[in-house]
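Chain by chain, the residues run as shown.
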Amino acid sequence: FYRIAVDTVVEVSSAAAAEMAKLLENTFRSVNIALVNEVAIMCDRLGLDVREVVNAAASKPFGFMAFQPGPGTGGHCIPLDPLYLSWKLRTLEYRARFVELSDDVNLGMPRYVVERVATALNDERRSLKGAQVLVLGLSYKRDVDDTRESPSFEIIRHLLKGGAEVSYSDPYVPTATVADRAFQSVPLDAASLARFDAVVVATDHRAFPWDLIARSARLIVDSRGAVPREQVGGILWPLSGPAVRGSAKPAT
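Think of each chain on its own: its residues are numbered from 1, step by step along the sequence as written. Only residues with pLDDT of at least 70 are given local features in this predicted model, and only at 80 or more are side-chain atom pairs given and counted; all residues enter the totals for whole chains, interfaces and linings. Derived side-chain values reflect all non-hydrogen atoms in the structure, with water molecules and hydrogen atoms excluded from consideration.

A.B. asks: Run through the sheet that holds strand S8 (residues 244-245), naming residues and quoting values.
C.D. replies: What makes two strands pair is DSSP finding at least two bridges between them. Counting from the N terminus, the helices are DSSP H or I runs at least four residues long and the strands are E runs at least two residues long. Across the sheet, which stays open at both edges, the six strands sit in the order S2-S1-S5-S6-S7-S8 with mixed pairing between neighbours. Pairing within the sheet leaves two strands with one partner each, and these edge strands are strand S2 (165-169) and S8. The pairing of strand S1 (residues 132-136) with strand S5 (residues 198-201) spans four bridges and is classified as parallel. Across the sheet, the residue bridging to Val-135 is Val-200, located in S5. Helix H5 (residues 109-123) rests against S5, strand S6 (219-222), strand S7 (235-238) and S8 of the sheet, and its axis sits at about 155° to S6. Between two residues, a contact is recorded if the distance between any of their heavy atoms is within 4.5 Å. Lines fitted to the C-alpha atoms define the axes, with helices restricted to the stretch that makes contact. Angles between their N-to-C directions range from 0 to 180 degrees.

Right under this line is the structure:
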């Protein structure tokens, strides 16, 4: 059946082995994403830029696979399949500790991003409560309209809980409901970007005008490493490390 549509079929001894191969691949990604997310928090405490650290480590030609940190995991596979595996093993009296720990770290990243927003606002003598915050991207990964298990929803929930006035922009998701509130994607231009107290990059869609965002936003918290630093006109807070104060001419 698979050979009808697939060029190369890898045969294993059973359907169970094939399913376990899928679970291993998804768990591998979940664990490594969690590791680099935790390293991001470590780098923040140490005053380091995690992306610089990851890219430097990736210069080793063997023994290292680069994963980039972000606001958490999403979609139907990585956040769910490893937990199914963990549940199955509990029925066999075994605890899948790597799976549970990686899920705990990844689930905590949206809260960490919001803490980063609060710190950035506080540095400007502003409060999260009452701040106008724009979240860029609702889908769980770039260039798709899939919002299943997207960390963007948790980021918005935590922002709302902190008292922020939240808007979002996503070219692939025109409307959404978060925490029983109806939202509509807002258009991006220099004037609209400049009116927000903080802009949070949650999804790095290629369709976003990153140069305009960099120049126009007063304060950016970038969880994806998408904003070109050399074009920042205001202040950029990466996922870890000190803020970058830009000198680029703001867009008009």
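A.B. asks: Describe the layout of surface pockets, with residues and values.
C.D. replies: Quantified by volume, the largest pocket comes out at close to 540 Å³. Put plainly, a pocket is an open set of points on a 1 Å grid over the protein atoms alone with protein on both sides within 12 Å along at least five of seven lines, a cavity is a set where a 1.4 Å probe fits but cannot get out, and a lining residue has an atom within 4 Å of a point. As for the largest pocket, its lining consists of 20 residues, of which Ile-33, Gly-72, Tyr-140, Lys-141 and Arg-224 are closest to the centre. Counting residues per element, the lining of the largest pocket draws most heavily on helix H1 (residues 15-46), at three residues. Three classes are used, and their members are as follows: Ala, Val, Leu, Ile, Met, Phe, Trp, Tyr, Cys and Pro are nonpolar, Asp, Glu, Lys and Arg are charged, and the others, Gly among them, are polar. Along the lines of polarity and charge, the residues of the lining of the largest pocket split into six nonpolar, eight polar and six charged. Its volume calculated, the second largest pocket comes out at about 320 Å³. Taken together, 20 residues line the second largest pocket, and the ones lying closest to its centre are Thr-73, Pro-79, Leu-107, Glu-149 and Glu-154. Contributions of two or more residues to the lining of the second largest pocket are made by helix H3 (81-90), helix H4 (97-107) and helix H6 (151-161). Grid points are joined across faces, edges and corners, and a volume is the space filled by probe spheres set on the points.

Geometric descriptors of this kind do not, in isolation, establish any biological role.
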